[in-house]
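Coordinate analysis (summary)
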Amino acid sequence: MKNTLHAFASLGCALLLAGCGALPDKPARATLYDFGPGLSAPAPAAAPTAALPALSLAEFDSNTRLDGTQILYRLGYADANELRPYGQSRWSQPPAQLLRQRLRDTLAERRTVLGPEESATLARTESIVPDTLRISLDEFSHYFDAPASSTGLVRVRATLVRSATGGDRVMGQRTFTVRRPAASADAPGGVKALIAASDAAMAEVVQWVDQLQQQQPPVPRAAPARR
């Protein structure tokens, strides 16, 4: 009986050890990326210009596929219609949020930038309604033209809207598509290329907005009569 119990005990220990050895390793933690700490140095002073009016920056719109934090790529040489995620790499926030912060920082170098709530407060308390910039993020992917050739591809649609007594008026709308080459055919290469493409796209948007507002200066609203 003792020999039998000893055999069962030995068998149980062996099975336990085998089971422990078969346990999977801890899942690898995904690498998180963002757009970095921002501009490393202030931009060179531009030639004196008329003060730019305050601008309201709306929340970005994006299609549902870009609402998550996955870093996406397309194999254009195989099936450009399929978006694929990198397995162990993520953005720290959805791309639309990262882009909005970058655009806000760039705009704020030359003007006051307000959020939707701040703009509503200004309109209510001072009867000043700033123009509103709306951005739709339509494409944000690491695009492969060939296995060894890829770019960061960013496409946004910008709409500048002015509120008037008779209702809102679209001052202009334009689509910006920017590509920047990737140094490597992997997630880190795609991230750097997408950041470079994003910075270039946001710079184009800022230049476009400045030109529109200089061509169509806002007209101050008359303060409401007090009773």
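Provided above is the structure to which this section pertains.
Residues numbered from 1 in each chain as written. Predicted model: local features only at pLDDT ≥ 70, side-chain atom pairs only at ≥ 80, totals over all residues. Heavy atoms only, no water.

We describe a pair of aromatic rings using the distance from one ring centre to the other and the angle between the two ring planes. Applying the stated criterion to the full structure yields six aromatic pairs. With centroids separated by 5.9 Å and ring planes inclined at 75 degrees, the aromatic side chains of F35 and W91 adopt a geometry described as edge-to-face. With F35 in the loop between β1 (31–33) and β2 (55–57) and W91 in strand β5 (residues 79–91), this residue pair connects regions lying 56 residues apart in the sequence. The interplanar angle of 40 degrees and the centroid separation of 4.6 Å between the aromatic rings of Y73 and Y86 together place this pair among those described as tilted. One end of the pair, Y73, is in strand β4 (residues 70–75); the other, Y86, is in strand β5, with 13 residues separating them in the sequence. On the basis of relative accessibility, which here comes to 18%, the residue Y73 falls in the buried class. Residue classification places Y86 among the buried residues on the basis of a relative accessible area of 13%. Grouping aromatic residues by their ring pairs yields a cluster made of F35, W91 and F140. (Phe/Tyr/Trp six-rings, centres within 6.5 Å; stacked < 30°, edge-to-face > 60°. Helix = DSSP H or I, 4+ residues; strand = E, 2+ residues; numbered from the N terminus. Buried < 20%, exposed > 50% of the residue type's maximum accessible area, 1.4 Å probe, protein only.)

Right, let's talk about the pattern of salt bridges for a bit. Applying the stated criterion across every chain, the model contains nine salt bridges. In this structure, D210 engages R110 in a salt bridge whose closest nitrogen and oxygen atoms are separated by 2.9 Å. Pair noted here: D210 is in helix α4 (residues 187–215) and R110 is in the loop between α2 (95–107) and β6 (113–114), with a separation of 100 residues, a long-range link. Here D210 ties to R111 by a salt bridge, and the two come within 2.7 Å at their closest N and O atoms. Linking D210 in helix α4 with R111 in the loop between α2 and β6, this pair joins segments that are 99 residues apart in sequence. On the basis of relative accessible area, R111 is assigned to the buried category, the value being 7%. (Salt bridge = Lys/Arg side-chain N within 4 Å of Asp/Glu carboxyl O.)

Summarising the sheet, β1 and β5 pair through three bridges and their orientation is parallel. Opposite T31, over in β5, you have S89 as the bridge partner. Where β4 folds back on β5, the antiparallel hairpin that results is connected by three residues. (Pairing = 2+ DSSP bridges.)

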